[in-house]
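Take a look at the letters that make up each chain.
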Amino acid sequence: MTDGHIAVFMTAAGMDEAASIAKKVVEERLAACCNIISGVRSIYVWKGIVHDSTEVMCVFKTRSSLFEPLRQRIKALHSYEVPEIVALEIKAGLAEYLLWIDASTGRS
């Protein structure tokens, strides 16, 4: 990915795990911030069985160049065998906010 900006989505089984992962990756400057949204209902197939679960959604904002280290760190910290870790490009945003993402992730 080029060094633009991305939003990275991750689900977790509960608030404690989500907050723990979010705090670590923000402290390590792999993401500028993380929004944690509780009460997400997820319906999915896992190992041939349809599941209907309540999860917590995390939305991290970071630079595109940090996706791979962020992905690796989330995977290492996560309890799921195959966690959801997907990135979407931020095509546009408030310039001051995007500069804040840069500064918060170690690029000025």
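Here, the structure is the one placed above.
Residues numbered from 1 in each chain as written. Predicted model: local features only at pLDDT ≥ 70, side-chain atom pairs only at ≥ 80, totals over all residues. Heavy atoms only, no water.

Asker: Sorry if this is basic, but what is going on with the packing of aromatic side chains here?
Answerer: The way to describe two aromatic rings as a pair is by their centre distance and the angle between their planes. Applying the stated criterion across every chain, the model contains 1 aromatic pair. Between Tyr97 and Trp100 the ring centres are 5.4 Å apart and the planes differ by 35 degrees, which places this aromatic pair in the tilted class. Linking Tyr97 with Trp100, this pair stays in helix 3 (residues 95-104), spanning 3 residues, or about one helical turn. (Phe/Tyr/Trp six-rings, centres within 6.5 Å; stacked < 30°, edge-to-face > 60°. Helix = DSSP H or I, 4+ residues; strand = E, 2+ residues; numbered from the N terminus.)

Asker: Sorry, what's going on with the environment of Val8 here?
Answerer: Residue position: Val8 is located in strand 1 (residues 5-12). Accessibility expressed as a relative area gives 0% for Val8, which makes it buried. For the pair Val8 and Glu89, spaced 81 residues apart in sequence, the C-alpha to C-alpha distance is 8.8 Å. If we skip the residues at most four places from it in the chain, Val8 touches Cys58, Val59, Phe60, Thr62, Phe67, Leu70, Ile85, Val86 and Ala87. (Buried < 20%, exposed > 50% of the residue type's maximum accessible area, 1.4 Å probe, protein only. Contact = heavy atoms within 4.5 Å.)

Asker: Looking at this structure, how should I read the packing of helix 1 (residues 15-27) against helix 2 (residues 67-77)?
Answerer: At their nearest, the axes of helix 1 and helix 2 sit 10 Å apart, and the two run at 140 degrees to each other. Helix-helix and strand crossings are classified by hand; for helix 1 and helix 2 the assignment is right-handed. Taken together, the residues of helix 2 that come into contact with helix 1 (itself represented by Glu17, Ile21, Lys24 and Val25) are Leu70, Arg73, Ile74 and Leu77. For the contact of helix 1 with helix 2, the class distribution of residues is 5 nonpolar, no polar and 3 charged. (Axes fitted to C-alpha atoms, helices over the stretch in contact; angles between N-to-C directions. Left-handed = near helix turned anticlockwise from the far one by under 90°. Nonpolar A, V, L, I, M, F, W, Y, C, P; charged D, E, K, R; others polar.)

Asker: Looking at this structure, I do not really get a nonpolar patch on the surface. What am I missing?
Answerer: Together, Ile43, Val45 and Val50 line one region of the surface with nonpolar side chains, adding up to about 320 Å² of accessible area. Checked against the element boundaries, Val45 lands in strand 2 (residues 33-46). Here Val45 falls in the exposed class, since its relative accessible area comes to 58%. (Patch = residues over 30% accessible without salt bridge, like charges linked within 9 Å, V, L, I, M, F, W, Y side chains within 5 Å. Areas by Shrake-Rupley, 256 points an atom, 1.4 Å probe, with all protein chains shown as cover. Salt bridge = Lys/Arg side-chain N within 4 Å of Asp/Glu carboxyl O.)

None of this, on its own, says anything about what the molecule does.
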